[in-house]
Amino acid sequence: MARPIKRPGNLPPELTSFVGRRRELAELRKRLASARLVSLVGPGGVGKSRLAIRVATDLVRGFKDGSWLVQLAEVRDPDLVPNAVLAALDLRDQAATEPPVLLLSYLRDKQLLLVVDNCEHLLGAASKLVGEVIRAAAGVRIIATSREPLFEPGEHVVPVPPLELPSAVLGQPLDRLRQNEAIMLFTERANAASGRFELTAGNQAAVVAVCRHLDGVPLAIELAAVRTRVLTPEQILDRLTDRFELLTAGGRAALPRHQTLRTAIDWSYDLLSHDEQRLLSRLCVFAGRFTLDDVEAVCMPDGETSGRTLGLVSSLVDKSLVIKEDAKGIACYRLHETMREYAVLKLRGAGEVEAIGLRCADYYVATCRQRAPDARAKLLVWLAWMDIEIDNIRAVLRHCLTSGDALRGLALARFVSWYWFTRATTEGVRWLDQLMALDGGDPETRAWVLFLRGFLAVLQGDPTVARPMLDRAVVAGRQTGDGRLLSAALTMGSIAANMTGERVAARRLLDEARGVTIPLHDREATLGLLQAQAFNGFFEGDLNTVKAVSSEGVRLSRETGDVYRLDMMLMNRGLSALLAGDLVESKPFFMEALQHAREIDDRVAQFYLLDVLGCDAASSGHAQRAARLLGAAETIQLGAGATPIQFLTPLLDQATEAAVAALGRASFDAEFGAGRGLSRDDAFRLALGESDRVVAASSETARISVLGKREIEVAQLLADGLTNKQIGVRLFISEKTVASHVSSILDKLGFSSRAQIAGWVAWSGQSNPVSADD
């Protein structure tokens, strides 16, 4: 199915559904017109995140480089705030550039809106980074959400109160009552929970009283509304009234709003079974998203079945106590930050904090140990799993550091090393350096960690750090008799020596590596040796050796399914031909290598390959394509903080000179700039000669034109999160007519869900909600 064009950004469509907040929306838009930093401030549960995301969705058209969401709720380490922003902007910590430096360099000339969500538990780190961004990037505006201001110069604070309350006066018309924000939210969530809830003359008094009891706090209202699955509004009101009277002894007016939310959560918690209560409290051990397997291993009593786990988790989801998400086809779950804080209190009260924390640490060490062999042969699947679990793994690593647990910490960092190699190089360096400074730990693990630290230094182009680390790993390999470690350290040490110009040492290490590796008959060790031989060949100008060993490396990588190494070997093979002047032979290797680099999202390899394909295009007389590829390569280089390959510099200079000569300086600069503006996917299509191009903006205009005026109005209100009944009330048409319009919109746009319509409204420039006064 064709998809609508989206402006740059990562705003989640499922979070853009919205109820009311007309005043706050208007105030936030007004402040953003003149302020660089606006902070939405209010207690937990009042809907700050949804308000920020809704405004960012509405305003995306005004920012050339889009609106982007940074979610800090699952980040527990202040040092990882810049990494979270990098990840949100789809940048990559894959080289030597420190994340804050990379981030500021990237944002310097951008025009975008950044939503930094849930800053309160990382206030110092978030404030520092936001301030640096504001000072370095004049085209960036920021919406921050927090329970207190960031206290940065120039900050504009917008308080976010609870929803407007319905009048306590009974007998007001239902149509008018349905327009109240708190009533709208209760009705929407109740209908979603039960599938049949409707505000009527018979239940309106109870619904009004519930919303007023809960002070219009959205999270509290939602927790109450989902209970309409089994309770009437009158029953919900009776139970809430009992709870509040018990707490306040009748002094209801003195109850602060944060206590209102705590009381609503208490009420929902007390309605759970013992097993549900125990599970909810234990789920706070997960810092980020978690799967059913995680829950079963860490939070359930031994011997419980997976069916029992699913039943309990599903029950908590149904009650809005746990949030369900899909991550690349994998069902996972998370806690709302307010719910996590509540669960921590309950776990502490049960005296289980230490036991469950230790169980969680042991689970992730054991699971990562078990999955480690798949990191090479099944890299895509392994990385998808790591993307879900990385925040939990980071939390375990942080706990190991603070508790001095070198045994678990070093083991865990070792078993996820391919994440550091491919996704988080400077972060991996930081973890390893801090963990190696601890006393204790398994000697074998420490020896391998020395190698990993040296490997990361090589990837960062820092041989002065790599050499001593790898030398120590060589010594450890000899002492322990671990042939695989010794082979790996010698081959990587040879590469590091070549990087420092120590040719004699590089050759000596390589010769010893060959003698150690061949008797092992280990494919991974052999591939490491072949890579070191190719690298040495480049430095010695021995292109025949490079050709021979990289050809063997391509064959062996295919057999083992090692896509990371295959990508590298194909590039080596293509470079051996390119440097020998054989453009015809080199291009197929580069093309296949780029396909694999695209598949595993290796940004550094993508940068190198777009550059060499730009050289190929220039040498083949395709100057326009060359200029665009070189421009696209520069953008990817900037986003990964990568450095050029030294021996490619003359080729790149020649390619640029040839393209400038063919196009003229002005045209070359224009094409180079156009290349810099390409998305990575578009750059890959250009480089690979793929026929499917990005859909032109005119096709989106054509889509808009097929909808009638009333259908566009219905789509806008649907994107606001309104139900068919609410849309009918707003537009003065029947619910049946609304359903007919929705069906027609789905058919005309080729969509299958209301969520797709909402996403299309947001991204196609149609998000101009119909107000009640229209």
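Residues numbered from 1 in each chain as written. Predicted model: local features only at pLDDT ≥ 70, side-chain atom pairs only at ≥ 80, totals over all residues. Heavy atoms only, no water.

### Observations concerning the overall build of the protein
- Looking only at helices and strands, the protein features 39 helices and 7 strands.
- Rg of the C-alpha trace for the protein: 29 Å, near the compact-globule value of 28 Å for 774 residues, within the 12% margin.
- Each of the three principal axes of the protein carries a C-alpha extent, and together these read 90 × 65 × 50 Å.
- Taking all 774 residues of the protein together, 56% fall into the buried category.
- Partitioning the intrachain contacts of the protein with sequence separation of at least 6 by distance along the chain shows that 72% fall at a separation of at least 24. (Helix = DSSP H or I, 4+ residues; strand = E, 2+ residues; numbered from the N terminus. Rg over C-alpha atoms; globule rule 2.2 N^0.38 Å. Buried < 20%, exposed > 50% of the residue type's maximum accessible area, 1.4 Å probe, protein only. Contact = heavy atoms within 4.5 Å.)

### Some remarks on the nonpolar core
- Core analysis: the biggest nonpolar cluster contains 163 residues, and Leu72, Phe186, Leu283 and Phe451 have the highest contact counts within it.
- Sort the elements by how many residues they give to this core and helix α18 (residues 379–403) lands first, with 11 residues.
- Residues in contact with Leu72, not counting those within four places in the same chain, are Val81, Ala84, Val116, Asp117, Asn118, Cys119, His121, Leu122 and Ala126.
- Phe590, Ala623, Leu629 and Ala655 belong to the second-largest nonpolar core, a separate cluster that totals 52 residues. (Core = buried A, V, L, I, M, F, W, Y, C linked by side-chain atoms within 4.5 Å.)

### Concerning the pairing of strand β3 (residues 112–117)
- Most of β3 sits out of view: 6 of its 6 residues are buried.
- With burial as the criterion, each face of β3 is covered, one bearing Leu112, Leu114 and Val116 and the other bearing Leu113, Val115 and Asp117.
- Of the pairings in the sheet, the one linking strand β2 (residues 67–71) to β3 comprises 5 bridges and is parallel in character. Across the sheet, residue Ser67 finds its bridge partner in β3, namely Leu113.
- Relative to strand β4 (residues 140–146), β3 runs parallel, the two being bridged by 5 bridges. Within the sheet, the bridge partner assigned to Leu114 lies in β4 and is Ile142.
- Once the chain exits β3 it traverses helix α5 (residues 123–136) before rejoining the sheet at β4, and the crossover so formed is right-handed. (Pairing = 2+ DSSP bridges. Right-handed = clockwise from strand over helix to strand, strands pointing away.)

### Things to note about the packing of α18 against helix α21 (residues 425–436)
- Put simply, α18 and α21 touch, their axes get as near as 10 Å, and they point 25° apart. It follows from the interaxial angle that α18 and α21 lie roughly parallel. Seen from above, α18 lies across α21 with left-handed handedness. Of α21, the residues touching α18 (which contributes Arg394, Leu397, Arg398 and Leu401) are Glu427, Arg430, Trp431, Gln434 and Leu435. (Axes fitted to C-alpha atoms, helices over the stretch in contact; angles between N-to-C directions. Parallel < 35°, antiparallel > 145°, perpendicular 65-115°, else oblique. Left-handed = near helix turned anticlockwise from the far one by under 90°.)

### Section: the sheet that holds β2
- Read from one edge to the other, the open sheet built from 5 strands follows the order β2-β3-β4-β1-β5, with strand pairing classed as parallel. Looking at the sheet topology across the chains shown, the edges are occupied by β2 and β5 (155–159). Each strand axis lies, on average, 20° off the axis of its neighbour in the sheet, ignoring direction.
- The pairing of strand β1 (residues 37–41) with β4 spans 5 bridges and is parallel. The residue of β4 that forms the bridge with Val38 is Ile143.
- Where helix α3 (residues 81–88) meets the sheet, its contacts fall on β2 and β3, and the angle it forms with β2 comes to roughly 140°.

### Re the packing of aromatic side chains
- Applying the stated criterion across every chain yields a total of 16 aromatic pairs.
- Aromatic side chains Trp418 and Tyr564 sit 4.8 Å apart centroid to centroid with 75° between the ring planes, which places their arrangement in the edge-to-face category. Note that Trp418 is positioned in helix α20 (residues 417–422) and Tyr564 in helix α28 (residues 563–579), a separation of 146 residues in sequence. This pair shows no difference in class: Trp418 is buried, exactly as Tyr564 is.
- An angle of 90° between the planes, with centres 5.8 Å apart, marks the rings of Trp448 and Phe451 as edge-to-face. Of the two residues, Trp448 and Phe451 both sit in helix α22 (residues 443–459), 3 residues apart, roughly one turn of that helix. Neither residue differs from the other here; Trp448 and Phe451 are each classed as buried.
- Counting every residue linked through ring pairs, the aromatic cluster contains Trp418, Phe421, Trp448, Phe451, Phe455 and Tyr564.
- A cation over an aromatic ring shows up here: Arg430 above the ring of Trp431, its NZ or CZ 5.1 Å from the ring centre. (Phe/Tyr/Trp six-rings, centres within 6.5 Å; stacked < 30°, edge-to-face > 60°. Lys NZ or Arg CZ within 6 Å of the ring centre and 35° of its normal.)

### Quick look at the pattern of salt bridges
- What the rule picks out here adds up to 58 salt bridges.
- Taking the shortest distance from any N to any O, the salt bridge between Arg680 and Asp90 comes out at 3.0 Å. Here the residue Arg680 occupies a position in helix α34 (residues 680–688), and Asp90 occupies one in the loop between α3 and α4 (99–107), the gap between them amounting to 590 residues.
- Note on Arg680: relative accessible area 23%, which makes it partly exposed.
- We classify Asp90 as partly exposed; its relative accessible area is 35%. (Salt bridge = Lys/Arg side-chain N within 4 Å of Asp/Glu carboxyl O.)

### Digging into the confidence of the model for the protein
- With 92% of its residues at a pLDDT of 70 or more, the protein has an overall mean of 89.
- The element-level mean pLDDT for the protein is lowest in helix α35 (residues 697–705), coming to 42, with helix α19 (residues 406–415) highest at 98.
- Predicted confidence is poor over residues 247–255, with pLDDT under 50, and the contacts of this stretch with residues over four places away or in other chains come to 14 contacts.
- Confidence drops under a pLDDT of 50 for residues 691–703, and excluding neighbours within four residues, the segment shows 18 contacts in the predicted structure. (pLDDT = per-residue confidence, 0-100.)

### Considering unusual backbone geometry
- The phi dihedral of Asn118 is positive, around 65°, even though this residue is not glycine.
- Tracing the sequence through the fold places Asn118 in the loop between β3 and α5.
- Even without being a glycine, His521 presents a positive backbone phi close to 50°.
- Along the polypeptide, His521 turns up in the loop between α25 (503–517) and α26 (523–540).
- Accessibility expressed as a relative area gives 71% for His521, which makes it exposed.

### Thoughts on the packing of helix α30 (residues 603–619) against α34
- Between α30 and α34, the least distance of the axes is 11 Å, while the angle of their chain directions is 40°. On the basis of the axis angle, α30 is oblique to α34. Crossing geometry of α30 relative to α34 is assigned as left-handed. Together, Arg603, Gln606, Leu610 and Leu613 of α30 and Arg680, Ala683, Phe684 and Ala687 of α34 make up the contact between the two elements.
- Per-class residue counts for the contact of α30 with α34 are 5 nonpolar, 1 polar and 2 charged. (Nonpolar A, V, L, I, M, F, W, Y, C, P; charged D, E, K, R; others polar.)

### Here we look at the environment of Trp420
- Among the secondary structure elements, Trp420 is positioned in helix α20.
- With relative accessibility at 1%, the residue Trp420 sits in the buried group.
- Remark: the alpha-carbon pair of Trp420 and Asp93, spanning 327 residues in sequence, is separated by 8.8 Å.
- Not counting residues up to four positions away in its chain, the partners in contact with Trp420 are Leu397, Ala413, Thr425, Glu427, Gly428, Trp431 and Leu456.

### A word on helix α31 (residues 623–640)
- The end-to-end C-alpha distance of α31, which contains 18 residues, comes to 26 Å, matching closely the 26 Å that a straight helix rising 1.5 Å per residue would cover.
- Buried within α31 are the following residues: Ala623, Ala626, Ala627, Leu629, Leu630, Gly631, Ala632, Ala633, Ile636, Gly639 and Ala640.
- Those residues of α31 hidden inside the fold are in contact with α4, α30, α32 (649–663), α33 (665–676) and α34.
- One or two residues past the end of α31 sits Gly641, with phi positive at roughly 65°. (Expected span 1.5 Å × (residues − 1).)

### Focus on α22
- For α22, built from 17 residues, the straight-helix expectation of 24 Å at 1.5 Å per residue is met to within 8% by its first-to-last C-alpha distance of 25 Å.
- Among the 17 residues in α22, 13 count as buried, and that is most of the element.
- Directly after α22, the chain includes Gly461, whose backbone phi takes a positive value near 70°.

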